[in-house]
Amino acid sequence: MLKQVADGVWVRQSEWVRSNAVVVRGDEGLVLVDPGIDGGDLNQLADDVDRLGLPVVAGFATHLHWDHLLWHSRFGDVPRYATTACAQAAGAVRERAQAMAAETASGIPLELIGLVTPLPADGGPVPGELVEHEAHAVGHAAVLLADRGVLLAGDMLSDILIPMLDPRRPGQVDAYGAALDRLGEAAEHVDVVVPGHGAVAEGPEVAARFAADRAYLDALRRGEEPADVRLEQEWLARPHQANLEQARRSAG
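Residues numbered from 1 in each chain as written. Predicted model: local features only at pLDDT ≥ 70, side-chain atom pairs only at ≥ 80, totals over all residues. Heavy atoms only, no water.

1. A look at the packing of helix H3 (residues 172-187) against helix H4 (residues 204-221)
Working step 1: For the pair H3 and H4, interaxial distance at closest approach is 11 Å and the crossing angle is 165°. The angle between H3 and H4 falls in the class roughly antiparallel. For the pair H3 and H4, the sense of crossing is left-handed. Residues Val173, Asp174, Tyr176, Gly177, Leu180, Asp181, Leu183, Gly184 and Ala187 of H3 pack against Val206, Phe210, Asp213, Arg214, Leu217, Leu220 and Arg221 of H4.
Working step 2: Counted by class, the contact of H3 with H4 contains nine nonpolar, two polar and five charged residues. (Axes fitted to C-alpha atoms, helices over the stretch in contact; angles between N-to-C directions. Helix = DSSP H or I, 4+ residues; strand = E, 2+ residues; numbered from the N terminus. Parallel < 35°, antiparallel > 145°, perpendicular 65-115°, else oblique. Left-handed = near helix turned anticlockwise from the far one by under 90°. Contact = heavy atoms within 4.5 Å. Nonpolar A, V, L, I, M, F, W, Y, C, P; charged D, E, K, R; others polar.)

Shown next as structure tokens:
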């Protein structure tokens, strides 16, 4: 079921890692941001969109991880956008994304995964402003809807996920810190943050998300185990160890 979080902004959360699909009303119709996750979720999202009574005019992927590159034929044969860097890299990871989707979730139209093109310079039908950065994945972007007080953060600022550093790229601790600085500037204009996974942050919780992620990064820089309640989830142990290893290598 869609939950309205602001004027013309709706969120539907799936059970899988509490993934958030976002529907945004633009001037020309609806834009779907990171729709997912399995075939049942995609069909139910299509039902929800049908009830809004507006056409889907575009999709937008915040980054190139498989669970953010999904689509369904019921959304229509419309342009699907990403940042230029993400779109250029998506082709190289498409087969891997399809394989991961097939292993993880059922009923996903695999042939529609990752078919994204660079967003036009004028933004095309995607409202708001992109906040692009190099944390978590190449060409990652948040969408700032300043007129509605909403930041769509992609895989950042989650209450259930620690900062996920890209293990294939060096310097991710600093890149993540720089990304939080950029997102923090954008968040000055909002009171709602929608992460790719987890609860929507509103009011004081927005600042708390930034504080938690900065504290986690500061602990990594010191080579310490962060006192982070998110690490109580056992499935975060492996990415956390990878984060620590990268931070220690960067520190020399």
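Still more to cover.
2. Regarding the nonpolar core
Working step 1: If you look at the biggest cluster of nonpolar residues, it comprises 31 residues, and the most contacted ones within it are Leu151, Met156, Leu157, Leu183, Val193, Leu217 and Leu220.
Working step 2: For this core, the elements supplying multiple residues, two or more each, are strand E9 (140-145), strand E10 (150-154), H3, H4 and helix H5 (237-250).
Working step 3: Within the second largest apolar cluster, 21 residues are counted, among which are Val31, Ala58, Val143 and Leu152. (Core = buried A, V, L, I, M, F, W, Y, C linked by side-chain atoms within 4.5 Å. Buried < 20%, exposed > 50% of the residue type's maximum accessible area, 1.4 Å probe, protein only.)

3. A word on the sheet that holds strand E12 (residues 201-202)
Working step 1: As summarised here, the arrangement of the five strands in space is E8-E9-E10-E11-E12, forming an open sheet in which the pairing is mixed. With one partner strand each, in any of the chains shown, strand E8 (129-133) and E12 form the two edges of the open sheet.
Working step 2: Two strands pair when backbone bridges link them, and E8 and E9 are joined in this way by five bridges, in the antiparallel orientation. Bridge pairing in E9 places Glu132 opposite Ala141. (Pairing = 2+ DSSP bridges.)

4. Observations regarding the packing of aromatic side chains
Working step 1: Overall, the coordinates contain two aromatic pairs when judged by the stated rule.
Working step 2: Aromatic side chains Trp71 and Phe75 sit 5.0 Å apart centroid to centroid with 75° between the ring planes, which places their arrangement in the edge-to-face category.
Working step 3: By relative accessible area, which is 4% here, Trp71 ends up buried. (Phe/Tyr/Trp six-rings, centres within 6.5 Å; stacked < 30°, edge-to-face > 60°.)

5. Some points on unusual backbone geometry
Working step 1: Following Gly36, the chain continues into Ile37 via a peptide bond in cis, with omega recorded as 20°.
Working step 2: Examined against the element boundaries, Ile37 turns out to sit in the loop between strand E4 (30-33) and helix H1 (39-52).
Working step 3: Phi is positive for Arg18, which is not a glycine, with a value near 45°.
Working step 4: Here Arg18 lies in the loop between strand E2 (9-13) and strand E3 (20-25).

Everything listed is a geometric property; what it means functionally is a separate question.
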